[in-house]
Every structure is written in structure tokens, then in C-alpha cells.
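# Observations on chain architecture
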Amino acid sequence: MVLVAVVLLVPRMPRWDRVKKSFFDVDQMRDSFPRLIDAFWLDVKIFAWTTPAIFVLALLIALARNSRSPALFPLRALAAAYTDVMRGVPVILWIYLVGFGVPGLGLERPYNSPLLWGSVALGMTYSGYVAEVFRAGIDSVHESQRAAARSLGLSSAQTMRFVVLPQAVRRVVPPLLNDLVSLQKDVALVSLIGPIEILRQAGIDKAKFANFTPYVVAALIFLAVTIPLTRLTDYLWQRERRRTSGTRVAA
Amino acid sequence: MTPKVSLRGVNKSFGANTVLHDLTLDVSAGEVVSFIGASGSGKTTLLRCVNLLEQIDDGAVLLDGDEISAVGRDPNPIRRRVGIVFQSFNLFPHMSVLRNITLALTKVLGLSSGDADTRAAELLARFGLAEKASVYPDQLSGGQQQRVAIIRALAMQPEVLLLDEITSALDPELVGEVLDVVRELKGSGITLLIATHEMAFAREISDRVCFLHAGSVAEVGAPSQIFSEPQDERTQQFLRRVRSH
Ligand SMILES: Nc1ncnc2c1ncn2[C@@H]1O[C@H](COP(=O)(O)OP(=O)(O)O)[C@@H](O)[C@H]1O
Ligand SMILES: [Mg+2]
């Protein structure tokens, strides 16, 4: 509906011609596209190396928060503080703080690259969010599963590894994918401290040609990646819902 | 002779709620003892204290005369010797029937996966579930799930098996197949502690029946005595109530 209205009405707006020229210039698209795709490759690389790091770190934090031994209280407190601090500050601010701050300490090349520290900032914040997802998953596994495992003589670590985690992870695949969709977009924020990834390349092109079309192309490139991911997430949500919430009421 | 399981003045509270109150009872090796009593009388908690899923506040739990409830003792070696089957089955839903049974065999007892599979297959065959080995728990009936849960506990070859209302979550027509498994265990040398609402079954299978009231042993004796000539007024009341249903 909304889409139809937009398609029909927008071209009738008085300044549509001007907008069309500066946002949807076909020649400009053709010209910028290869450069933007090249630059997008850097986004993909940042995404590819931060994602595994985020998952590992997040899992460790979630396990620390779920530890039960009274002696491990400091570890639990630390893990809780970490997730609170990471999630309590906008991602962009962490990228500025870490991405400018750490190289500013006077590290030698290549350890002073904003690209490196921007990625680290991204990994730090996202591991806070993902840790909470893992924790929710672990909490959702019923206590009786632990009782069954422990009663067979499995240690608490074995119980976590073979019984609790496999069930927990299965349940949180959809929210994890959700976070990945967000990460895929937030990678572009690293551009704000220097690296020439797609958003920054689009900005360069825009300035050079005094035309906004490169931004539109960049948006389309993002959509080409995030929409399939989002659809997949939705599909997995629905499947999980069907599995866990009983028979659906008709209408 | 040293009792197999010995409860000596056991106290257990959850917050202000005292659930087991100075409970004392000895169970001999190979004996079958059933625990009956109203809901909330402490049957589940008692069984969970025996395999250390709950920590007692006071008193002692002994296995072959060895104080297993001592603070700081590693519960894992003891749990290998004392199995439990739960009211709600508690099979691992993400594992096949076979893997449910072999998990602890390989990870706890250190059996090779071949040996574990063989032991599991033998037990499944013995209890008529051979063709279910590769099936997942949610594809089984409640009765089948509970039989698998019993096999999972038995596969560890425990000296003591605790059965906590193992038929209470089942449709009536599925109760029989599960009780048949327990009947087969009697006399195999294993010591059975059974919490149950099935009075007829308790009477049939038990060497002794123990009536729990408010977390203590109100009366314990041979099944014929407990069910035909209960001495304690609370036992009489409880049985009257159960029979009027
Ligand atoms: N984990 C727990 N936390 C708090 N109270 C509990 C817990 N487990 C059992 N109880 C309480 O202990 C009492 C005895 O419970 P239970 O041992 O399950 O009795 P039964 O199995 O005979 O019905 C009940 O009042 C119950 O509410
Ligand atoms: Mg109970």
C-alpha cells in the first residue's frame, strides 16, 4: 500500500525532477557502482573477522554470568558490568573513543590503525549484546535438564557443554541473526574514523560529483545483503515459534 | 550389616519452610522401599537428598556407611552409584534415544562409544525399545519416554535407583508398561527407593512402605501392615482419603 502510494505520488511532487537527477542519476550509478562494491568488500571483511570474535567473547561472558559457584562472584559481577557498560553507550561513541583513543596512545604501525581499533570497538559493543542473547538462551533451558545431567554424574562443565548449551544456542539462533543484521549495517560506522569502506566511498563520490546517487547505490548494496538475512531470521523465528508455542488458533 | 542407604536425623529447609524434619531411616541392600504421603510431604526432596541434588542442612546421608552428605564432597562419583528417574522424564530433547543413554556412559564412565552403544542397545532390546534407538524423545509416547529415562539411569549400573513418581505424568493406559520395567528390576540386587501415588503398586512391589508426614517418617512397615492395619492415625487418615477417590 505505502509502496504503491510512494511510487504513484512521489513523481508528482513539484521538485521531483531535481531530486531524481541528484539521487537517481543512472550514469552516476554506473560510474560509482564498481568503486562502491570494491569499498563494500572492506565492510564484508570487517564483518567477517569481527563476527567470530564476537561470538567467542560473548559466549565466554555469558558463561561467566551464568556461573554458580559462590567463589566466582567477582567474575559474575565483572561480566555483568561489561555487558551494562557496552550496551549503555552508543556504538558510534565506542568507535570514536577506542578508534581515536587507542591509536592516540602512540602505538607503532600497524597497531595504530583506526581500522583495527574501530573493529575492536565494534566487537566489544556487540559482544555485550550477543552475550545477553546467549544468557537468555541458557536461562531458558529448564532446570530439570541440569538435574537430569548432574544426576547421571556429569560435571557442571559437561552439563553446560553437552546438555544446556546445545539447547540454548538452538533457541537463540533467530535473535543472534538479528544482531548480525545490525552488525552488518553498523560496520559502516567504522568509516567515521577513517577507513574507506562503502559509506565513506559514497561520501567521497558524492562530494566529487555533487550528486547523492552514490548514497542510494550504497543503500541498495546494503539491502542486497540485509534483506535475505532478515528474511532468513523471520523464517527461523516462525519455525521456532511453531515448535514452542503450541497449536495455532485459527483466525 | 551396614545399611545400603541410611538417613540419620536429616533436616532440610527451603527458606523458612522446613521440608524434611529429623528424618531417620535405614534401607538394606537390595531392598525395595516405597514412600507414600500427601503432596508436599517431602518425598521428592528426600530422594533428591540421597543423590545430592539437594544439600541437607543437618543430619547425615550414608551410602554403605560412608557419609556422602559431608560438606565439600564431590557429588559426581556418588551419583554414578545412585541413579534417579524423574516424574517429568527429563530426557535430553536434542539427542536421540541412544545418545541420551550413552552420553554419561562415555563422558562419566569413560566407555568407548562402541561399548556404550552395545550396552544401550542391550537394555533397549530388553525393555522392548530396540527399534527406537535413533528416534528423538518428542516422537515417543510418555510411557516410552519414561522407559528410556529408566534405561538411561540403569545403564550406569547404579547400586541404588531412586524413582520419583515416575508414572504421575502418564496417561492411565501407559502406567502399566512403566511399572512392568520396575517389576523386572526387583530382585536384581539393586536397591529401590520409590516415591509413588500408586498404592496398589506400592503394596505389590515393596519390601517395606514408608508413610511420610510433614517431612518425617510417621510410620514404616511391611506393605500388608501399612495398608491393612496402619497404626498411626495420620496414616489411617491418608489412606482413607486416597481410597475415597
Ligand atoms: N526447590 C525448592 N524451593 C522451595 N521449596 C521447595 C523446593 N522443592 C520443594 N519445595 C517445597 O518442599 C515441600 C515438599 O516438596 P516435595 O519434596 O516436592 O514433596 P512431595 O514430593 O512429597 O510432593 C513443598 O512444600 C514444596 O513447596
Ligand atoms: Mg514429588
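This is a predicted model, so every value here is computed, not measured. Every chain's residues receive numbers from 1 upward, in the order its sequence appears when written. Numbering of ligands from 1 and lettering of chains from A proceed in the order in which they are written. Side-chain atom pairs in this predicted model are given and counted only at pLDDT of 80 or more, local residue features only at pLDDT of at least 70, and totals for whole chains, interfaces and linings cover all residues. Values reported for side chains reflect all heavy atoms of the structure, with hydrogen atoms and water molecules removed beforehand.

All names here are of chain A. Here, axes are lines fitted to C-alpha atoms. For helices the fit covers the stretch in contact, and angles between N-to-C directions go from 0 to 180 degrees. Only DSSP runs of H or I reaching four residues or more are called helices, and only runs of E reaching two or more are called strands; each is numbered from the N terminus. Taken N-terminus to C-terminus, the directions of helix α3 (residues 26-66) and helix α9 (residues 198-209) make an angle of 150°; their axes are 8 Å apart at the nearest point. By the angle class used here, α3 and α9 are roughly antiparallel. Handedness of the crossing formed by α3 with α9: right-handed. For the pair α3 and α9, contact is made by Q28, D31, S32, R35, L36, A39, F40 and D43 and by I198, Q201, A202, D205 and F209, respectively. Charged residues are taken to be Asp, Glu, Lys and Arg, nonpolar residues to be Ala, Val, Leu, Ile, Met, Phe, Trp, Tyr, Cys and Pro, and polar residues to be all remaining types, Gly included. Among the residues making up the contact of α3 with α9, the classes are represented as six nonpolar, three polar and four charged. An angle below 35 degrees is treated as roughly parallel, one above 145 as roughly antiparallel, one from 65 to 115 as roughly perpendicular, and anything else as oblique. Helix crossings fall into two classes, left-handed where the near helix is turned counterclockwise from the far one by less than a right angle and right-handed where it is turned clockwise. The contact criterion used is simple: two residues touch if any of their non-hydrogen atoms lie within 4.5 Å.

Turning next to the pairing of strand β10 (residues 216-221) of chain B. Successive side chains on a regular strand alternate, one facing one side of the sheet and the next facing the other. Residues and elements named next belong to chain B. Paired strands, as defined in this entry, are two strands with at least two bridges between them according to DSSP. Across five bridges, strand β9 (residues 208-213) lies against β10 in antiparallel orientation. Counted as the bridge partner of L212 is V217 from β10. The hairpin formed by β9 and β10 contains two residues between the paired strands, and A214 there has a positive phi angle of roughly 50°.

Turning our attention to the sheet that holds strand β2 (residues 17-27) of chain B. All names here are of chain B. Ordered in space as β2-β1-β4-β5, the four strands form an open sheet in which the pairing is antiparallel. Where the open sheet ends on each side, the last strands, each with one partner, are β2 and β5 (66-67). Of the pairings in the sheet, the one linking strand β4 (residues 58-63) to β5 comprises two bridges and is antiparallel in character. Each bridged residue has a counterpart across the sheet, and for L62 the counterpart in β5 is E67. In this fold helix α1 (residues 43-50) packs onto β1 (5-14), β2 and β4, with an angle of close to 120° to the strand it touches most, β1.

Note on terminology: a nonpolar core comprises buried Ala, Val, Leu, Ile, Met, Phe, Trp, Tyr and Cys residues joined through side-chain atoms within 4.5 Å. Exposure classes here rest on a 1.4 Å probe applied to the protein chains alone. A residue is buried below 20% of its type maximum, exposed above 50%, and partly exposed in between. Of all hydrophobic cores here, the largest spans 82 residues; its most connected members are F35(B), L161(B) and L192(B). In terms of residues, this core owes the most to one element, helix α6 (residues 172-185) of chain B, which gives seven residues. One finds F47(A), L180(A), V187(A) and L229(A) within the second-largest nonpolar core, a separate group that totals 39 residues.

Residue and element names in this part refer to chain B. As a matter of local geometry, ligand 1 sits amid F14, N17, V19, A38, S39, G40, S41, G42, K43, T44 and T45. In protein, a polar contact requires one atom able to donate a hydrogen and another able to accept it; more generally it is a pair of N or O atoms within 3.5 Å, and residues adjacent in sequence count only if both atoms are side-chain atoms. Contacts to ligand 1 include G40, whose backbone N or O atom sits 2.7 Å from an oxygen atom. Between ligand 1 and the protein, one listed contact pairs an oxygen atom with a side-chain N or O atom of K43 at 2.9 Å. For ligand 1, whose accessible area on its own is 560 Å², the fraction buried by protein is 59%. The set of elements that each furnish at least two residues to the shell around ligand 1 consists of β2 and α1. No other element matches the three residues that α1 contributes to the shell around ligand 1. Here the residues of the shell around ligand 1 are counted per class, giving three nonpolar, seven polar and one charged. Here, proximity means that at least one heavy atom of the residue falls within 4 Å of the molecule or strand. The protein chains shown are the only cover counted for residues, whose accessible areas, like all others here, come from Shrake-Rupley with a 1.4 Å probe.

Examined against the element boundaries, E132(A) turns out to sit in helix α6 (residues 114-140). Look past the residues within four positions of E132(A) in its chain and what remains in contact with it is R65(A), T83(A) and R87(A).

Residue and element names in this part refer to chain B. Positive phi, normally seen in glycine, also occurs at L52, with a value near 65°. Locating L52 in the fold gives a position in the loop between α1 and β4. Although it is not a glycine, Q157 adopts a positive phi angle of roughly 50°. When you line up the elements, Q157 lands in the loop between α5 (142-154) and β7 (160-164). Look at Q157 and you get exposed, because its relative accessible area is 53%.

Take the confidence of the model for chain B next. Taken over all residues, the pLDDT of chain B has a mean of 95, while the share at 70 or more is 100%. For this predicted complex, the interface confidence reaches an ipTM of 0.94, while the overall pTM sits at 0.87. Across the chain, each position has a pLDDT score giving the predictor's confidence in that residue, from 0 to 100.

Residue and element names in this part refer to chain A. Salt bridges, as used here, are contacts in which a Lys or Arg side-chain nitrogen is within 4 Å of a carboxyl oxygen on Asp or Glu. Across all of its chains, the model carries 26 salt bridges over all chains by this definition. R30 serves as the salt-bridge partner of D27, at 3.6 Å between the closest nitrogen and oxygen. Taken as a pair, D27 and R30 lie in helix α3 at a separation of three residues, close to a single helical turn. With respect to burial, D27 and R30 carry one shared label: exposed. Among the salt bridges present, the one from D31 reaches R35, with a minimum N-O distance of 3.0 Å. Of this pair, D31 and R35 both sit in helix α3, four residues apart, which is roughly one turn of that helix. By relative accessible area, which is 27% here, R35 ends up partly exposed. Residues joined in a network through salt bridges with shared partners are R65, D84, R87, E132 and R135.

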